[in-house]
Amino acid sequence: MKYISLFIGIVFLASCSTMPVITAPMLLATHKNLPCPSPFLKEKYQLIHAIEVNAAGNVQGAIIGVTVVDPYTRFVSCAIMSAEGMVLLEAKSEGEKLIIYRALPPFDSGDFAKNLIDDIRLIYFNPQGLLQKKGNLPDGSTACRWQEENGNFIDVIAGKPESTEIKKYSVGGRLKRYIKITQKTGNPYSIIELQGSEMVDYTLLMTLIEAQPVKTIKGKNSEKKR
Amino acid sequence: MNNYRDLHRYFYVLVCSFLLLSLPLTVFADSFEQLRKDSADIQTIQASFVQKKFMKILTKPLVSEGRFYYVAPDSFRWEYLKPLRSVVIVHKGETRRYTASGGKMIEDKSGGAQAMKIVLSEVTGWMSGKFDQNPSFTATLKEGTNTLITLSPAGKSMTGMIEKIEITISKKAATVKSVKIIESANAATRIDFTNVEINKVISSSVFQDVQ
């Protein structure tokens, strides 16, 4: 019985596994010099996106997302507001500390703010953890794979010209997030498509409204302390 | 559903702020009673607006632009054109809200928009010039270099939503200078209106078509 359970478990995991194989280049020098795709921000930035929300196959509407991100400190501050300008959610995260200033339903449910900030980090920051593999996917595109401390895998893939894909897999290899970043107007984050697979599958299509670097004055952010 | 209720309150405040534009320019002396009399002549209003959202997270205000239409007694269209297009229409007792998605205007079918009917009844009171009789706000009028009307939430319905609304009327230019909605210590919304037209014919299609 124990072996049957184990077999079923393996089959189940295998059926969930969608993590593709990354093949290292044959030549060692090529492998060593192979750069990982990196669309990620190099300095502190404020970005404002119009976000179209689809959940469970239905269009849910559109909102405005404001994000301030610092790749060096991994600081994230974000706000979601309605088209009319009403703030639905405002939160920030410094290190492990999450502060929620405002969260109206349904944005106050469960770990919504935490998951949102995790998604923002996934979009804008270099993956943390161990670089496990770099090479090519079966379709020939360059890919690098990291494994985070919690066991999740992050693939960063140089897709078609001017686009990068980021995929997040669970320990078992289940695809949890698919992100496609497309550069259109000079900013690498002109269009971001995020597909999330949770209790309810959802898609966010983010179109850049505005982006600008946030200046830091000698150890002090130009953003006022709250 | 609470967020919809909050959205309606927010929309309500925006609309109410705008409706203060309908105040005839000569009546900003010291009389709310005079306002009520003069507001009775208003049949239509239309204007463009620029909305600036101030938040600590924003290094500079988020600017939205749009149009507003009103036909007495109860038809409204409040439309944002930039940066994210959205429309709220109140007409013949029905309320609809649309946002742009996939290049189309998608109607909010969540039921939230219908709850805006509650808002409508309050707005009707404002349209009658009953600025000092709305139970949701207490109104004060102060004369100075400019005329300042301050609306403060009277009950708990606006708690956490609005701290106060300030409408500044320029005496020199005899126009509404600004409407500022102070939501909290960290957030405020300022709306500037231009091209205000009173009692000019507005087609009924404005309250029916969303493209």
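Only a predicted model underlies this, so the values are computations on that prediction, with no experimental measurement involved. (Residues numbered from 1 in each chain as written. Chains lettered and ligands numbered in written order. Predicted model: local features only at pLDDT ≥ 70, side-chain atom pairs only at ≥ 80, totals over all residues.)

### Quick notes on the overall build of chain A
Turning to step 1, where the next piece is worked out: Scanning chain A from N- to C-terminus turns up three helices and 14 strands.
Turning to step 2, where the next piece is worked out: Every one of the 226 residues in chain A was classed for burial, and the buried ones make up 30%. (Helix = DSSP H or I, 4+ residues; strand = E, 2+ residues; numbered from the N terminus. Buried ≥ 20, exposed ≤ 12 C-beta atoms within 10 Å, placed from the backbone.)

### Describing the overall build of chain B
Turning to step 1, where the next piece is worked out: Scanning chain B for helices and strands turns up three helices and 11 strands.
Turning to step 2, where the next piece is worked out: Ordered by position from N to C terminus, the α and β elements of chain B give α-α-β-β-β-β-β-β-α-β-β-β-β-β.
Turning to step 3, where the next piece is worked out: A burial count over chain B gives 35% of its 211 residues as buried.
Turning to step 4, where the next piece is worked out: When contacts within chain B are restricted to residue pairs at least 6 apart in sequence, long-range pairs at least 24 apart make up 48% of them. (Contact = placed C-beta atoms within 7 Å.)

### So, the nonpolar core
Turning to step 1, where the next piece is worked out: Core analysis: the biggest nonpolar cluster contains 50 residues, and Ile64, Cys78, Ala79, Met81, Leu88, Ile120 and Ile192 of chain A have the highest contact counts within it.
Turning to step 2, where the next piece is worked out: Among the elements that line this core, the one with the most residues is strand S2 (residues 58-70) of chain A, at six residues. (Core = buried A, V, L, I, M, F, W, Y, C linked by C-beta atoms within 7 Å.)

### Comments concerning the sheet that holds strand S9 (residues 163-169) of chain A
Residues and elements named next belong to chain A.
Turning to step 1, where the next piece is worked out: An order of S5-S4-S3-S2-S1-S12-S11-S10-S9-S8-S7-S6 is seen for the 12 strands of this open sheet, with the pairing classed as antiparallel. Looking at which strands have only one partner, the edges of the open sheet turn out to be strand S5 (97-103) and strand S6 (130-136). Strand after strand, the sheet turns through a mean of 15° between neighbouring axes, direction not considered. (Pairing = 2+ DSSP bridges. Axes fitted to C-alpha atoms, helices over the stretch in contact; angles between N-to-C directions.)

### Section: the environment of Ala50 of chain A
Turning to step 1, where the next piece is worked out: In this structure, Ala50 of chain A sits in strand S1 (residues 45-55).
Turning to step 2, where the next piece is worked out: As a C-alpha pair, Ala50 of chain A and Glu210 of chain A span 160 residues in sequence and 9.6 Å in three-dimensional space.
Turning to step 3, where the next piece is worked out: Excluding anything up to four places from it in sequence, Ala50 of chain A contacts Ala62, Ile64, Thr207 and Ile209 of chain A together with Pro83 and Leu84 of chain B.

### Section: the interface of chain B and chain A
Turning to step 1, where the next piece is worked out: Counting from both sides, the interface comprises 28 residues of chain B and, opposite them, 28 residues of chain A.
Turning to step 2, where the next piece is worked out: The set of elements that each furnish at least two residues to the side of chain B that touches chain A consists of helix H1 (2-19), strand S1 (44-55), strand S2 (62-71), strand S5 (94-101) and strand S11 (187-198) of chain B.
Turning to step 3, where the next piece is worked out: Element by element, the count of residues in the side of chain B that touches chain A is highest for H1 of chain B, at seven residues.
Turning to step 4, where the next piece is worked out: Across the side of chain B that touches chain A, the residue classes break down as 14 nonpolar, 10 polar and four charged. (Nonpolar A, V, L, I, M, F, W, Y, C, P; charged D, E, K, R; others polar.)

### Considerations on the environment of Asp155 of chain A
All names here are of chain A.
Turning to step 1, where the next piece is worked out: As for its position among the elements, Asp155 is in strand S8 (residues 153-158).
Turning to step 2, where the next piece is worked out: Under the C-beta neighbour-count criterion, Asp155 is labelled buried, with 23 such atoms within 10 Å.
Turning to step 3, where the next piece is worked out: Each C-alpha atom of the pair Asp155 and Leu130 lies 12 Å from the other, and the pair is 25 residues apart in sequence.
Turning to step 4, where the next piece is worked out: What Asp155 contacts, discounting residues up to four positions off in sequence, is Ala143, Arg145 and Lys167.

### Thoughts on the pairing of S2 of chain A
Residue and element names in this part refer to chain A.
Turning to step 1, where the next piece is worked out: Most of S2 is tucked away, with 10 of its 13 residues classed as buried.
Turning to step 2, where the next piece is worked out: Hairpin connection between S1 and S2: a loop of two residues separates the two successive antiparallel strands, and Ala56 in this loop has a positive phi of roughly 50°.
Turning to step 3, where the next piece is worked out: The pairing of S2 with strand S3 (residues 75-81) spans seven bridges and is classified as antiparallel. Among the inter-strand pairings, Asp70 is bridged to a residue of S3, identified as Phe75.
Turning to step 4, where the next piece is worked out: Counting the residues between successive antiparallel strands, the hairpin from S2 to S3 contains four residues, one of them, Arg74, with a positive phi of roughly 60°.

### What to know about unusual backbone geometry
Residues and elements named next belong to chain B.
Turning to step 1, where the next piece is worked out: Omega for the peptide link from Ala72 to Pro73 comes to 10°, which places this bond in the cis form.
Turning to step 2, where the next piece is worked out: Secondary-structure assignment places Pro73 in the loop between S2 and strand S3 (75-82).
Turning to step 3, where the next piece is worked out: In this structure, Pro83 follows Lys82 across a cis peptide bond, with omega equal to -10°.
Turning to step 4, where the next piece is worked out: Positionally, Pro83 belongs in the loop between S3 and strand S4 (86-91).

### Concerning helix H3 (residues 112-124) of chain A
Turning to step 1, where the next piece is worked out: Taking 1.5 Å as the rise per residue, H3 of chain A with 13 residues should run 18 Å; its terminal C-alpha atoms sit 18 Å apart, in good agreement.
Turning to step 2, where the next piece is worked out: Residues of H3 of chain A that are buried make contact with S2, S3, strand S4 (87-94), S5, strand S10 (175-182) and strand S11 (191-196) of chain A. (Expected span 1.5 Å × (residues − 1).)

### Considering the pairing of S5 of chain A
All names here are of chain A.
Turning to step 1, where the next piece is worked out: Bridge count between S4 and S5: six bridges; the pairing is antiparallel. Following the sheet pairing, Ser93 is matched in S5 by Leu98.
Turning to step 2, where the next piece is worked out: Counted along the chain from S4 to the antiparallel partner S5, the turn is two residues long, and its residue Gly95 has a positive phi close to 60°.

### A closer look at the confidence of the model for chain B
Regions with low pLDDT should not have their predicted coordinates read in detail.
Residue and element names in this part refer to chain B.
Turning to step 1, where the next piece is worked out: Across chain B, pLDDT averages 73, with 61% of residues at or above 70.
Turning to step 2, where the next piece is worked out: No element of chain B has a lower mean pLDDT than helix H3 (residues 116-127), which averages 47, and none a higher one than S2, which averages 91.
Turning to step 3, where the next piece is worked out: Across residues 114-127, where pLDDT falls below 50, the model places 34 contacts with residues more than four positions away in sequence or in other chains.
Turning to step 4, where the next piece is worked out: Scored as a whole, the predicted complex attains pTM 0.80, and scored at its interfaces, ipTM 0.74. (pLDDT = per-residue confidence, 0-100.)

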